[in-house]
Amino acid sequence: MALALSRHGVTVHLDDADPAAARTAEAMGAGSVGPPKEPVDLAVLAVPPAHIGTVLARSQRSGLARAYTDVASVKARPQDQIRSAGGDLSSYVGGHPLAGSERSGPLAARPDLFEGRTWVLTPSVRTDRAALNCGLELVSLCGAVPMVMDSVRHDRAVALTSHAPHLISALVAARLAPAEEEHLRISGQGLRDVSRVAAGDPTLWGDILDANADAVADVLEAFADDLGRAIDALRALRGTEGPASKQGAAFLDELLRLGNRGHARVPRKGGAGPAVYVPLPVVIPDQPGSLARLFAAVGEAGVNIEDLRIEHAVDQPRGLVELLVEESAAPGLRRVLRADGWIMRDADIS
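Keep in mind it's a predicted model, so treat the numbers as computed, not measured.

Rules behind the numbers
- Residues numbered from 1 in each chain as written.
- Predicted model: local features only at pLDDT ≥ 70, side-chain atom pairs only at ≥ 80, totals over all residues.
- Heavy atoms only, no water.
- Buried < 20%, exposed > 50% of the residue type's maximum accessible area, 1.4 Å probe, protein only.
- Helix = DSSP H or I, 4+ residues; strand = E, 2+ residues; numbered from the N terminus.
- Pairing = 2+ DSSP bridges.
- Right-handed = clockwise from strand over helix to strand, strands pointing away.
- Contact = heavy atoms within 4.5 Å.
- Axes fitted to C-alpha atoms, helices over the stretch in contact; angles between N-to-C directions.
- Core = buried A, V, L, I, M, F, W, Y, C linked by side-chain atoms within 4.5 Å.

Trainee: How should I be thinking about the pairing of strand 5 (residues 92–97) in this particular structure?
Mentor: Side-chain direction in a regular strand flips from residue to residue, so the side chains alternate between the two faces of the sheet. Within strand 5, six of the six residues are buried, leaving the element largely enclosed by the surrounding structure. Here strand 5 shows two buried faces, one formed by Y92, G94 and H96 and the other by V93, G95 and P97. For strand 4 (residues 68–70) and strand 5, the ladder comprises two bridges, and the chain directions are parallel. The residue of strand 5 that forms the bridge with Y68 is Y92. Taken together, strand 4, helix 4 (residues 76–84) and strand 5 constitute a β-α-β crossover, and its handedness is right-handed. The pairing of strand 5 with strand 6 (residues 118–122) spans four bridges and is antiparallel. Along strand 6, the bridge assignment pairs G95 with L121.

Spelled out as structure tokens, the structure:
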């Protein structure tokens, strides 16, 4: 965020509990370390949910800024904690930029992180219009797409779309800890996709789950019910053919189809509605510059890559890059890449 603001000529002051992190951010061009000489327009509290109330109250008492926001992924409980800590909700608007990864710290930052991404703002009934406008300007400067929500509705939404999935990913990854090395050697991209977010900071995620525990538990309760039915269906398949076996197969078929429909509803970009994207699997040699050549070929064809996946083992001479592009652009891009000598897995090799 500080990198994006500095790019636009905004004066940014940096402060962190870890002085080394602040100095690293300063060296990257994110702003200057040290307190401002006078109140700033907006202070961004990049602290875990449990600390927002006390940090905000302390900052307001010191006259740090005219308006305040935060980046925590839970909004309702911090509002309650602000009241308990004696903070002033009129100058505060909750914020939650929906971008990032399992990596953290200043070295993981980049100025375009929020471009085209949804950024939720959760003003309370006491939030001044001036504070909300500051939040909206911040979102605009970072290139994000603002969405204003009630804090309780926000927390229920992220429980479904972020917090419960993270815990489920951790459950999957936890089963790998005692697994035999031979079993892990045959893992594929699907396992890496499902377990990727489990690499997040346990301390931070413990704080997030604690702050949104009830909403996450509601999602997991429904998930556990589905999981139990899936287990019963799988056990039924082991028996002799009969009504139970057929019911189990029908349930699993419906579950997989429902999963397809749910996945299709996930927005690909910045809160936009679901779009139809086509995967184009391209075989790529394990050589320096191969990815750059592929991306250059796609760029020359005038096609935007909406998303991509890379499947590659370190001991293999080639890998697979799956490009996701708009359905209308797929046929032309396929012809261009073939003409340029690229091998399309779906058509040219088994």
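Here the narrative resumes, following the displayed structure.
Trainee: Explanation requested: the sheet that holds strand 11 (residues 343–344) in the structure shown.
Mentor: Hydrogen bonds between backbone atoms are what pair the strands of a sheet, whose relative direction is either parallel or antiparallel. One open sheet holds the four strands; their spatial order is 9-10-8-11, and the pairing between them is antiparallel. Every other strand in the sheet has two partners, leaving strand 9 (307–311) and strand 11 as the edge strands with one partner each. As defined by bridge partners, strand 8 (residues 277–285) adjoins strand 11 across two bridges and the pair is classed as antiparallel. Bridging from a neighbouring strand, V282 pairs with M344 of strand 11. Here helix 12 (residues 290–300) sits on the sheet and contacts strand 8, strand 9 and strand 10 (318–326); the angle it forms with strand 8, its principal contact strand, is near 140 degrees. Running over the sheet, helix 13 (residues 330–339) touches strand 8, strand 10 and strand 11 and is turned about 10 degrees from strand 8.

Trainee: Honestly, the nonpolar core in this entry has me stumped. Any pointers?
Mentor: One recurring pattern in soluble globular proteins is that nonpolar side chains are buried together. Counting 18 residues, the largest nonpolar core has L14, A30, F114, W119, L121 and C142 as its most contacted members. Looking at this core, the element that brings in the most residues is helix 1 (residues 2–7), giving four residues. Among residues more than four places away in sequence, those in contact with C142 are M1, A4, L5, F114, E115 and W119. L280, L294, V303 and L337 belong to the second-largest nonpolar core, a separate cluster that totals 16 residues.

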